[in-house]
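One-letter residues, chain by chain:
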Amino acid sequence: MSTWKKNETFRKQARKAGYRSRAAFKLLEIEQKFGILRKANRIVDLCSAPGSWLQVAQEKCNQSDYKIVGVDLNYIRPIEGVSVIQASIEESDLVSQILEQLTLPAHVVLSDCSPKLSGKKVLDRERQLWQAKLSLQIAVQLLEKRGHFVTKVFQTSEFQEFITQVKDYFKSVKSFKPKSSLKRSPEMYLIAKEFKGLSHQFNPDVL
Ligand SMILES: C[S@@+](CC[C@H](N)C(=O)[O-])C[C@H]1O[C@@H](n2cnc3c(N)ncnc32)[C@H](O)[C@@H]1O
């Protein structure tokens, strides 16, 4: 199937299912394979506009006392039961803003960040890797022990090095390319399970 056709097919399916974007299918595939949301009821979603991952997270949270917090530079139309912070993930007090909403550490931190693409391949990939690193830095400050972290990361020459960094903090780290992600896109997802806690190794300078 051509890239354009695949894109259109997922777009139509998303519209039909009531999702705000086809990105929903990526998280649904991740969930089906890795089950990261199965027991979660405190979830943070970084870079979450227009909100389809928030919709999926809300569907999967069948407990009544769940807390879901989305963060994005852009406005996100309200979703019942979901709090939204309209801010950059680069804001220095973001972790405390999120914790104010969550009240307790998160079970899962998701990140689907993409910078505004400039068309300059190397620059765009470097910027995206920086966002993935920042998301890791935020996640380790928000997660409870044994929590999970999922991040988009573009494949660059530093991809393996980033996986090694994530492995310092999580017991298991797998890379995954959902079928709903376009083949020509450099995006991959890292599924990091079982946060080890921040006892010794956290050093924001190395991220
Ligand atoms: C691929 S979209 C996310 C789609 C989302 N997962 C969904 O399911 O609807 C990437 C998002 O990253 C956001 N973004 C890019 N840079 C950001 C930053 N510095 N802080 C917060 N959000 C950012 C963009 O505004 C965009 O909404």
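Scroll up to find the structure this text is about.
Here the structure is a predicted model, which means the values were calculated and not measured.

Caption draft 1: A look at the nonpolar core. Core analysis: the biggest nonpolar cluster contains 54 residues, and I43, V44, V109 and F149 have the highest contact counts within it. Here this core takes eight residues from helix α5 (residues 121–142), the largest share from any one element. Beyond its immediate sequence surroundings of up to four residues, I43 is in contact with L37, A57, C61, I68, A106, H107, V108 and L110.

Caption draft 2: Spatial organisation of the site of the ligand. In the region of the ligand, 22 residues are neighbours, and A23, C47, A49, S52 and D112 sit closest. Here the shell around the ligand is composed, by residue class, of eleven nonpolar, seven polar and four charged.

Caption draft 3: How the structure looks around the sheet that holds strand β6 (residues 170–176). Here seven strands make up an open sheet; going across it, the order is β3-β2-β1-β4-β5-β7-β6 and the pairing mixed. With one partner strand each, in any of the chains shown, β3 (82–86) and β6 form the two edges of the open sheet. Between one strand axis and the next, the sheet turns by 15 degrees as a mean value, whatever way the strands run. As judged from the six bridges shared by strand β5 (residues 143–154) and strand β7 (residues 187–195), these two strands associate in the antiparallel manner. Note that in β7 the partner of F154 across the bridge is E187. Here helix α6 (residues 159–169) sits on the sheet in contact with β5, β6 and β7, set at roughly 150 degrees to β6.

Thresholds applied
- What you see as residue numbers is a count from 1 along each chain, following the sequence as written.
- At least 70 in pLDDT is required for a residue's local features to be given in this predicted model, at least 80 for side-chain atom pairs to be given and counted, and no such filter applies to totals for whole chains, interfaces and linings, which use all residues.
- A set of buried Ala, Val, Leu, Ile, Met, Phe, Trp, Tyr and Cys residues, joined to one another through C-beta atoms within 7 Å, is what we call a nonpolar core.
- The exposure label follows from counting other C-beta atoms within 10 Å of a residue's C-beta, where the C-beta atoms are placed from the backbone and the thresholds are 20 or more for buried and 12 or fewer for exposed, leaving partly exposed in between.
- The helix count covers DSSP runs of H or I at least four residues long, the strand count covers runs of E at least two residues long, and both are numbered beginning at the N terminus.
- We call two residues in contact whenever the C-beta atoms placed from their backbones are within 7 Å.
- For each residue, a C-beta atom is placed from the backbone, and the residue is labelled near a molecule or strand when this atom is within 6 Å of it.
- Any residue that is not Ala, Val, Leu, Ile, Met, Phe, Trp, Tyr, Cys, Pro, Asp, Glu, Lys or Arg is counted as polar, Gly included; the first ten are nonpolar and the last four charged.
- Strand pairing is defined by DSSP finding a minimum of two bridges between the two strands.
- Inter-axis angles, ranging from 0 to 180 degrees, are taken between N-to-C directions of lines fitted to C-alpha atoms, where helices are fitted over the stretch in contact.

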